[in-house]
Amino acid sequence: GDSVTQMEGPVTLSEEAFLTINCTYTATGYPSLFWYVQYPGEGLQLLLKATKADDKGSNKGFEATYRKETTSFHLEKGSVQVSDSAVYFCALKRAAGNKLTFGGGTRVLVKP
Amino acid sequence: GAVVSQHPSWVICKSGTSVKIECRSLDFQATTMFWYRQFPKQSLMLMATSNEGSKATYEQGVEKDKFLINHASLTLSTLTVTSAHPEDSSFYICSAREPGGTNSPLHFGNGTRLTVT
């Protein structure tokens, strides 16, 4: 079945540091890939997405590139802020499907 | 933007009682809603897909008689945990998809923390 694996947290960084959260997936066909973010006390919000190989999703300084050859969708941000402290979820959806399959989530803590 | 309201945000109940959780789409009609369960430090596990006016589709291993889902209107889906036990304690999250097909935007509620004593 479909699965998403992402690095376990917590990841603790200083402000302005570079952030990478690894995400790899297993799925048949060509799924769409997503990164969701959950800020403390809030629901999940879509951060960015990519729907086909080599697509790059970007939002709020975050980027992720759909790599079909390595089945990966790593999330990066060049300079994190304290306000980026949250839990980040990688997810996939089959092209013709309605369901999201989530990774385990990675908690990121950015210290001033 | 589109908002999904989930209520209550937390609930404590005694073992053997039933608890109802509501999920409302506030400014759009959601023909499809989803219910997830999240264990501590684990992923969101899809429990069921709820379609307005029809029976919910449950994922393998989810007891449909224990987790009753009702999607009576285009803006409301409810999850009732019947005869709750401590092992049902978890974080339950709903999501609702905007109209327009399986690629239309999906919005999440803030979740409900259920504690069964």
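Peer 1: What's the story with the packing of aromatic side chains in this structure? I'm lost.
Peer 2: Aromatic rings in a pair are described by how distant their centres are and how their planes are angled relative to each other. Tallied over the full model, the rule gives 10 aromatic pairs over all chains. Judged by centre distance (6.1 Å) and plane angle (80°), the rings of A:Tyr25 and A:Tyr66 are edge-to-face. Here A:Tyr25, found in strand E4 (residues 23-26), pairs with A:Tyr66, found in the loop between strand E8 (62-65) and strand E9 (75-77); they are 41 residues apart in sequence, far enough to count as distant. Residue A:Tyr25 shares its accessibility class with A:Tyr66, and that shared class is buried. The rings of A:Phe34, A:Tyr36, A:Phe89, A:Phe102, B:Tyr36 and B:Phe108 are connected pair by pair, giving a single aromatic cluster. The ring centre of A:Tyr30 lies 4.1 Å from the NZ or CZ of A:Lys68, which sits over that ring.

Peer 1: So what exactly am I meant to see when it comes to the interface of chain A and chain B here?
Peer 2: Accessible area lost during the coming together of the parts is what is often quoted as the interface size. Chain A puts 16 residues into the contact, and the matching count from chain B is 20 residues. Taking both partners together, chain A and chain B bury about 1400 Å²; carbon and sulfur atoms supply 50% of that area. Run the count over chain A and chain B and you get one salt bridge. Measuring nitrogen to oxygen at the nearest pair gives 3.0 Å for the salt bridge that ties B:Glu59 to A:Lys99. For the interface between chain A and chain B, the tally reads seven residue pairs in polar contact (both at pLDDT 80 or more). Of all the secondary-structure elements, those providing two or more residues to the side of chain A that touches chain B are strand E5 (32-38) and strand E10 (86-93) of chain A. Here the side of chain A that touches chain B is built from residues that sort into six nonpolar, seven polar and three charged.

Peer 1: Sorry, what's going on with the side chain of B:Thr32 here?
Peer 2: Within the element layout of this structure, B:Thr32 appears in strand E4 (residues 32-38). One polar contact links B:Thr32 to B:Asn51, side chain to side chain, over a distance of 3.1 Å. Those residues within four positions of B:Thr32 in sequence are excluded, and the remaining contacts are A:Asn98, B:Thr49, B:Ser50, B:Asn51, B:His71, B:Ser95, B:Ala96 and B:Arg97.

Peer 1: In this structure, what is going on with the sheet that holds strand E7 (residues 67-73) of chain B? I would like to understand it.
Peer 2: Whether parallel or antiparallel, the strands of a sheet pair through hydrogen bonds between backbone atoms. Residue and element names in this part refer to chain B. Across the sheet, four strands lie side by side as E1-E3-E8-E7; this open sheet has antiparallel pairing. Edge positions in the sheet fall to strand E1 (4-7) and E7, since each has one partner strand and no second. Neighbour-to-neighbour, the strand axes of the sheet open up by a mean angle of 15°, direction not taken into account. Judged from the five bridges that link them, E7 and strand E8 (residues 76-81) form a sheet pairing that is antiparallel. When the sheet's bridge partners are listed, Leu68 is paired in E8 with Thr80.

Thresholds, definitions, all that
- Residues numbered from 1 in each chain as written.
- Chains lettered and ligands numbered in written order.
- Predicted model: local features only at pLDDT ≥ 70, side-chain atom pairs only at ≥ 80, totals over all residues.
- Heavy atoms only, no water.
- Phe/Tyr/Trp six-rings, centres within 6.5 Å; stacked < 30°, edge-to-face > 60°.
- Helix = DSSP H or I, 4+ residues; strand = E, 2+ residues; numbered from the N terminus.
- Buried < 20%, exposed > 50% of the residue type's maximum accessible area, 1.4 Å probe, protein only.
- Lys NZ or Arg CZ within 6 Å of the ring centre and 35° of its normal.
- Contact = heavy atoms within 4.5 Å.
- Buried area = accessible area lost by both parts, 1.4 Å probe.
- Salt bridge = Lys/Arg side-chain N within 4 Å of Asp/Glu carboxyl O.
- Polar contact = N/O pair within 3.5 Å; in protein donor to acceptor, adjacent residues only side chain to side chain.
- Nonpolar A, V, L, I, M, F, W, Y, C, P; charged D, E, K, R; others polar.
- Pairing = 2+ DSSP bridges.
- Axes fitted to C-alpha atoms, helices over the stretch in contact; angles between N-to-C directions.

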